[in-house]
Amino acid sequence: MAYFCGRKSNLLSLLGFGLSPHLLNGPILTMLYDSNPTLEGVIKTIDEAKQGSVFFNEQTDHGHTPGVKRFYIESYGCQMNFSDSEIVASILGDIGYAPTRNMEESDLILVNTCSIREKAEETVRKRLKIFAKAKKNRPGLKVGVLGCMAERLKKQWLEEEKLVDLVVGPDAYRDLPNLIGAAEEGGRMVNVLLSREETYADISPVRLDTNGVTAFISIMRGCDNMCSFCVVPFTRGRERSREPFSIVAEARDLFEKGYREVTLLGQNVDSYKWENPETKERADFAGLLEMTAAVHPDLRVRFSTSHPKDMTDKVLHVMAAHENICKYIHLPVQSGNSRILEMMNRTYDRAWYMGRIESIWRILPDAAVSSDIITGFCSETEEEHQETISMVSWAKYCMSYMFSYSERPGTLAARKYADDVPEEVKKRRLSEIIVVQRAVSQTYNEGEIGKTFRVLVERDSSKSDQEFCGRNSQNSMCVFPKKEGIKPGDYVQVKIRAANSATLMGDILDC
Ligand code: SAM
Ligand code: SF4
């Protein structure tokens, strides 16, 4: 692979920019603030377990130190939002704010919000009411709304929801120091400008994870696709790709700090494209994958999300050629019916999607595929719903994120189509899909019994501190008894002896 040879090391220096060293090392804890509804196992409508996660960095928690300002941040929505909170944490660290997981001792409360479904917005509104009470008791406390809801509702927050001091869209986080300064002087500040260039390439995120083994790297922002149901193009702006050297440098830095897996994140990673303004050399996603995989054979590379219209055989061949690029593709179908796909403006039909899955099977016979599915989209009939069910069985998804359609104001679908499938029908169809997916996941996992996988040890299993858990290349969660000398970050060979629809159970083999 020849892209950008000779320039990588120069670009390594980018990583130091904007860095707050005291925030970067050591374990980082997250916690949930309440009992979020979590669906068991792989059958998820959304990654509820992470909703409302509170950013916290243990190293900086030395109790309440007079004079040190504290921020408390909750994150909602997709992984991109969680990654953005890590960028925000880095920017705040530079102006002397330390994180806290105790809202009561914070000087600044931030909520990084999601607009993808109405329910996500309702959850945030409820949280803001709680923050309002805290503000009444402590008049100096500032509250800010970040992310997609900030972008969608803009000044409305300042005018209607009087408790908010800051409204900051996803492309305006560099302005946070100014906005916070003005808010401390009593102002109520808003910056929701979207950018065509901002990628935060030079900002080293403060890691928001619990294991020090796996991390996410944003490779692009925004989306140009205009799926008719989706609010993302309106809240996160036009698609732009981050320059590749800073991505590779971030991956290398993570590897040197002990991380063993990176997930490259974007709304549509297959349309990643970057051109060197001086040399006109270009990088596409296949090239970026190769560059990242070359960091070290022991650094695993994953990515999400792939769009069926853009996923090329070239990417599949690069995956096949590199052992450390994980054999797992999240390829959301949304619907199994061609008429609905057209109304969704997904720009592929059922046959095209099946063709992409067949290419995966041909080029990567051991790969696992997962999906996103929406039930009860405008005018969807029972027969069309059955086609989605049959797709789940045909594609043998190892898991899916499943949602009932939620009309979002301003989207193409909200303007063009009636949201005419009754709520109880949407929910019933969702439960039917969940039942089928659970059975498909069960069959898939049972097929793994007896096989041996290379597993990256991540952490203690959630059920027992006598067991570790970690994923195989196909992204299946494996649970196995601990063995002396083995620790998180190690690779082990695990032979699978049992399975349920969510997890593979096995034993470490002697190497
Ligand atoms: N960019 C990714 C793609 O194209 O597959 C998905 C991004 S979106 C944040 C995650 C998922 O939320 C989508 O794949 C879709 O299934 C779901 N989603 C988006 N808008 C929705 C809506 N209005 N109602 C229900 N589910 C929705
Ligand atoms: Fe939304 Fe479609 Fe873009 Fe995904 S590809 S973020 S679903 S518009």
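Throughout, a residue's number is its position along its own chain's written sequence, starting from 1. To label them, take the chains in the order written and letter them from A, then take the ligands in the order written and number them from 1. A pLDDT threshold of at least 70 governs which residues receive local features in this predicted model, and a stricter bar of 80 or more applies before side-chain atom pairs are shown or counted, although totals over entire chains, interfaces and linings include all residues. As a rule here, side-chain values come from all non-hydrogen atoms in the structure, and water together with hydrogens is ignored.

A. The arrangement of the overall build of the protein in detail. In terms of helices and strands, the protein carries 16 helices and 22 strands. Here the term buried applies to any residue with accessible area under 20% of the maximum for its type, exposed to any over 50%, and partly exposed to those in between, with areas from a 1.4 Å probe on protein chains only. Here the protein, with 511 residues, has 59% of them falling under the buried criterion. Residues count as neighbours in contact if any of their non-hydrogen atoms are within 4.5 Å of one another. The contacts of the protein with a sequence gap of at least 6 include a subset with a gap of at least 24, amounting to 74%. The secondary structure listing takes helices from DSSP runs of H or I that are at least 4 residues long and strands from runs of E that are at least 2 residues long, numbered from the N terminus.

B. Spotlight on the site of ligand 1. We call a residue near a molecule or strand as soon as one heavy atom of that residue lies within 4 Å of the molecule or strand. Around ligand 1, 15 residues are found, and the nearest of them are Phe229, Gln267, Gln334, Asp372 and Ser406. Asp372 places a polar side-chain atom, nitrogen or oxygen, 2.6 Å from an oxygen atom of ligand 1. Residues adjacent in sequence count toward polar contacts only when both atoms are side-chain atoms; beyond that, a polar contact is any pair of N or O atoms within 3.5 Å, and within protein one must be able to donate a hydrogen and the other to accept it. Contact between ligand 1 and Ser406: a nitrogen atom at 2.8 Å from a main-chain N or O atom of the residue. Relative to its free-state accessible area of 570 Å², ligand 1 is covered by the protein chains to the extent of 91%. Listing elements by their share of the shell around ligand 1, those giving two or more residues are strand S16 (368-375) and strand S17 (400-404). Each residue is assigned to one of three groups, with Ala, Val, Leu, Ile, Met, Phe, Trp, Tyr, Cys and Pro labelled nonpolar, Asp, Glu, Lys and Arg labelled charged, and all others, Gly among them, labelled polar. Taken together, the residues of the shell around ligand 1 break down into 6 nonpolar, 5 polar and 4 charged. Surface accessibility follows the Shrake-Rupley procedure with a 1.4 Å probe radius. Residue values consider only the protein chains on display as shielding.

C. Layout of the site of ligand 2. With respect to spatial proximity, the complete set of residues near ligand 2 consists of Cys223, Asn225, Met226, Cys227, Phe229, Cys230, Val232, Pro233, Gln267, His307 and Arg346. A per-class count over the shell around ligand 2 returns 7 nonpolar, 3 polar and 1 charged.

D. Structural context of the sheet that holds strand S14 (residues 300-304). A sheet is described by the order of its strands in space; here 3 strands give the open sequence S8-S11-S14, paired in parallel fashion. In this open sheet, the two strands that pair with only one neighbour each are strand S8 (214-218) and S14. Along the sheet, successive strands turn relative to each other by an average axial angle of 25°, direction set aside. Note on geometry: axes are lines fitted to C-alpha atoms, helical ones only across the stretch in contact, with angles between N-to-C directions running from 0 to 180 degrees. Across the sheet, helix H3 (residues 79-94) lies against S8 and strand S11 (261-265), angled at about 90° from S8, the strand it touches most. For two strands to pair, DSSP has to find at least two bridges joining them.

E. Seen up close, unusual backbone geometry. Of the consecutive residues Ser304 and Thr305, the connecting peptide bond is found in the cis state with omega at 10°. Position of Thr305 relative to the elements: it lies in the loop between S14 and helix H11 (313-321). In the Ramachandran plot, Gln334 falls in the positive-phi region, its phi being about 70° despite a non-glycine side chain. You can see Gln334 is positioned in the loop between strand S15 (328-330) and helix H12 (338-343). Phi angles above zero are rare outside glycine, and Asn345 is one such case at about 60°. With respect to the helices and strands, Asn345 occurs in the loop between H12 and helix H13 (350-363). Exposure remark for Asn345: the relative accessible area of 30% places this residue in the partly exposed category.

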